[in-house]
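In case you want the letters, here they are:
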Amino acid sequence: MRICEKHMDLLTEENLRELLAEQGGPCVSIYMPTHRRGPDIQQDPIRLKNLARDAESRLTAGGMRPTEAADLMAAAGELVEDPHFWQHQCDGLALFLTADQRFSFRLPLRFDEFVVAGRRFHVKPLLPLFTGDGRFYVLALSQGGVRLLQGSRFTVGEAALRDVPRSLAEALRYDNFEVSLQHHIGMARGASAGEGAGVLPSHGGADAANFKPRIQEFFRKVDASLRELLGDERAPLVLAGVEYIRGLYHDVNRYEHLLEEGIDDQPERLSDGELHRRAWAIVSPLYQRQRRETLERFRRLAGSGSPQATADLDAVVPAAYYKRVDTLFVPAGRQEWGVFDPESNRVARHERAQAGDEDLIELAVVHTLRYGGQVYHLA
C-alpha cells in the first residue's frame, strides 16, 4: 500500500517567512476555494483563469506594461492548463507570484475569491493556520502505511513524506505483518497464548528477537523525513495508531512538539474526517488556553490605561513597523485602506481603496510576524 498522494502542500513557518520577505517588485496574491472531488473540480481552473485575468488588469492599471503583466501571470496560466494539478486539491488554493517566483499552496482552508496586486504578498487569509484556529499535524501509523496530514480547525489534508518505505510491512519484509504486530500488541498488554496472541513468523531473518528494533529503525526514518519536511515548525503533532506502535514511535521521536496524548485506534479504519475530529479534540484546548490567557492580558492592560495595549490602528501600524508589537489581534475579513509614511510616522486612512493604498491591517500583520510577534485571528 502507498503512504499517500500529495493532495495538499505544507505551509510551514519557514514558508511564511519567505512570503513576508521583501520581494523587490510587483507581487500578486490570489486566493480561491477549490474542490477535492466531484463535478465542481472542472470549474476550478476556470475560476483561476478569471482571477489571473483580474490580476493582470490590476497590474496594468498600476502602471505595468501589458507585456510585463502577461509574463508575470504566465505561471498562473501554466497551472490552469495542468490537469494533474487540479486532480490533487484540498479546500483552498493560495497562489503568490512575482516576475521570478511562484509559490502555490493547496491548503485545508476555504478561501473566498480574492486578488491583490501590490508591493508585497497579501498573507492575512493564511492567519487561521498560524494562530488560535490551530495548525497541527497528524501522523497515522499502521501496518498498511504511514500518512501525514496537516490540519486546521476546519479540516485536514494529506502531505507527502519523502524517502520512507510505503508501509511497515514493506520496511520489515514480513508476509504476514498484521499477525506479527498483533502478537506483540498482545504480549505488550499481557495477553496469554490462549487469547489469540498469534505466532510470530520468520521471514528474511526477522523474528521475535529483532521485531521491535526493526520497527524503531523504520520509525527513525519516518522521524528524519518528518523533521526535514517541517524544519523549525512549532505546530503540535498528534500520533494516530494502536498504543504499542505509538509507544515505539515516542521512543525514537525527535520532533519537539509531539503531544503525549494520541489517537488510540487503527488509522486505516478511520476516515480523514474522523481523524480530524479526534485530533482537534486533543489540540484545540491547547490553543484555546493560549488565546484566552493572551486576550485576558490585553484586556487587563487596556483596562488599566497602559500604553502597552491599544486598539487604535493609527498607533498600531507605526508600532508594528518599528518592531514594537508583541501580540496583535486581527479581525477576520476586515480591510482598512490607506497609506503609512515612515518618515512622518503618520497613517492616512480612506473609506475606499485609492491608488497607492494598501490594507493597513495587513501591513501591521506583516511587520508583526516578520519581527517575531504573535498574531491572533479573531472570527
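The structure presented is a predicted model; accordingly, all values stated were derived computationally and were not measured.

What counts, and where the lines are drawn
- Residues numbered from 1 in each chain as written.
- Predicted model: local features only at pLDDT ≥ 70, side-chain atom pairs only at ≥ 80, totals over all residues.
- Heavy atoms only, no water.
- Helix = DSSP H or I, 4+ residues; strand = E, 2+ residues; numbered from the N terminus.
- Buried < 20%, exposed > 50% of the residue type's maximum accessible area, 1.4 Å probe, protein only.
- Contact = heavy atoms within 4.5 Å.
- Areas by Shrake-Rupley, 256 points an atom, 1.4 Å probe, with all protein chains shown as cover.
- Expected span 1.5 Å × (residues − 1).
- Pairing = 2+ DSSP bridges.
- Axes fitted to C-alpha atoms, helices over the stretch in contact; angles between N-to-C directions.
- Core = buried A, V, L, I, M, F, W, Y, C linked by side-chain atoms within 4.5 Å.
- Salt bridge = Lys/Arg side-chain N within 4 Å of Asp/Glu carboxyl O.
- Polar contact = N/O pair within 3.5 Å; in protein donor to acceptor, adjacent residues only side chain to side chain.

Some points on the overall build of the protein
So, point 1. Looking only at helices and strands, one finds 12 helices and 14 strands in the protein.
So, point 2. By residue count, 52% of the 379 residues in the protein fall in the buried class.
So, point 3. Restricting to contacts in the protein with at least 6 residues of sequence separation, those with at least 24 account for 65%.
So, point 4. Taken as a whole, the protein presents about 18800 Å² of accessible surface, with 46% of it coming from carbon and sulfur.

Here's the deal with helix 8 (residues 211-230)
So, point 1. In this model helix 8 runs 29 Å from its N-terminal to its C-terminal C-alpha over 20 residues, within 8% of the 28 Å that 1.5 Å per residue would give.
So, point 2. By the burial criterion, the buried members of helix 8 are Phe211, Ile215, Gln216, Phe218, Phe219, Val222, Asp223, Ser225, Leu226, Leu229 and Leu230.

Structural notes on the pairing of strand 6 (residues 145-151)
So, point 1. Burial analysis of strand 6 places 7 of its 7 residues in the buried class, the great majority of the element.
So, point 2. Side chains Gly145, Arg147, Leu149 and Gly151 of strand 6 all project onto a buried face; the interleaved residues Val146, Leu148 and Gln150 project onto the opposite face, where all are buried too.
So, point 3. By the bridge criterion, 7 bridges tie strand 5 (residues 136-142) to strand 6 in an arrangement that is antiparallel. Residue pairing in the sheet places Leu141 in a bridge with Val146 of strand 6.
So, point 4. As consecutive antiparallel partners, strand 5 and strand 6 are separated by 2 residues.
So, point 5. Taken together, the 4 bridges between strand 6 and strand 7 (residues 156-159) define a ladder with antiparallel strand orientation. Residue Gly151 lies in a different strand from strand 7, and its bridge partner there is Val156.
So, point 6. Between strand 6 and strand 7, which pair antiparallel one after the other, the connecting turn spans 4 residues.

As for the sheet that holds strand 11 (residues 337-341)
Picture the strands of a sheet paired through backbone hydrogen bonds; they go either parallel or antiparallel.
So, point 1. Read across the sheet, 3 strands follow the order 12-11-13 without closing on themselves; strand pairing throughout is antiparallel. If you trace the sheet from one side to the other, it starts and ends with strand 12 (346-350) and strand 13 (358-359), each paired once.
So, point 2. In this sheet, strand 12 lies alongside strand 11 in antiparallel orientation, the contact comprising 5 bridges. By the bridge assignment, Phe340 is partnered in strand 12 with Val347.
So, point 3. Of the strands in this sheet, strand 11 and strand 12 touch helix 11 (residues 313-321), which is tilted by about 130° from strand 12.

So, the nonpolar core
So, point 1. Counting 37 residues, the largest nonpolar core has Leu19, Phe96, Leu107, Val123, Leu126, Leu328 and Val365 as its most contacted members.
So, point 2. Elements that contribute at least two residues to this core include exactly helix 1 (13-20), strand 1 (27-33), strand 2 (92-97), strand 3 (102-107), helix 11, strand 10 (327-331) and helix 12 (360-370).
So, point 3. With 7 residues, helix 12 is the single largest residue contributor to this core.
So, point 4. Those residues in contact with Leu19, other than ones at most four positions away along the chain, are Phe96, Phe103, Phe105, Phe121, Val123 and Leu126.

With respect to the pattern of salt bridges
A side chain with one charge can pair with a side chain of the opposite charge if their charged atoms come near.
So, point 1. By the definition in use, this model includes 23 salt bridges.
So, point 2. Between Glu158 and Arg147 there is a salt bridge, with the nearest N and O atoms lying 2.5 Å from each other. Placement of Glu158 in strand 7 and of Arg147 in strand 6 is noted, with a sequence separation of 11 residues between them.
So, point 3. Residues joined in a network through salt bridges with shared partners are Asp314, Arg334, Glu336 and Arg349.

A closer look at the sheet that holds strand 5
So, point 1. The mixed open sheet is built from 5 strands, whose spatial order is 7-6-5-8-9. Each of the sheet's edge strands pairs with one partner strand only, and the pair in question is strand 7 and strand 9 (263-264).
So, point 2. Pairing analysis gives 4 bridges linking strand 5 to strand 8 (residues 237-241), with the strands arranged parallel. Within strand 8, the residue paired with Val138 across the bridge is Val238.
So, point 3. Packed onto the sheet, helix 8 meets strand 5, strand 6 and strand 8 and runs at close to 25° relative to strand 6.

Quick look at the side chain of Glu158
So, point 1. Classification of Glu158 by relative accessible area gives buried; the value is 13%.
So, point 2. At a separation of 2.5 Å, a polar atom in the side chain of Glu158 contacts the side chain of Arg147.

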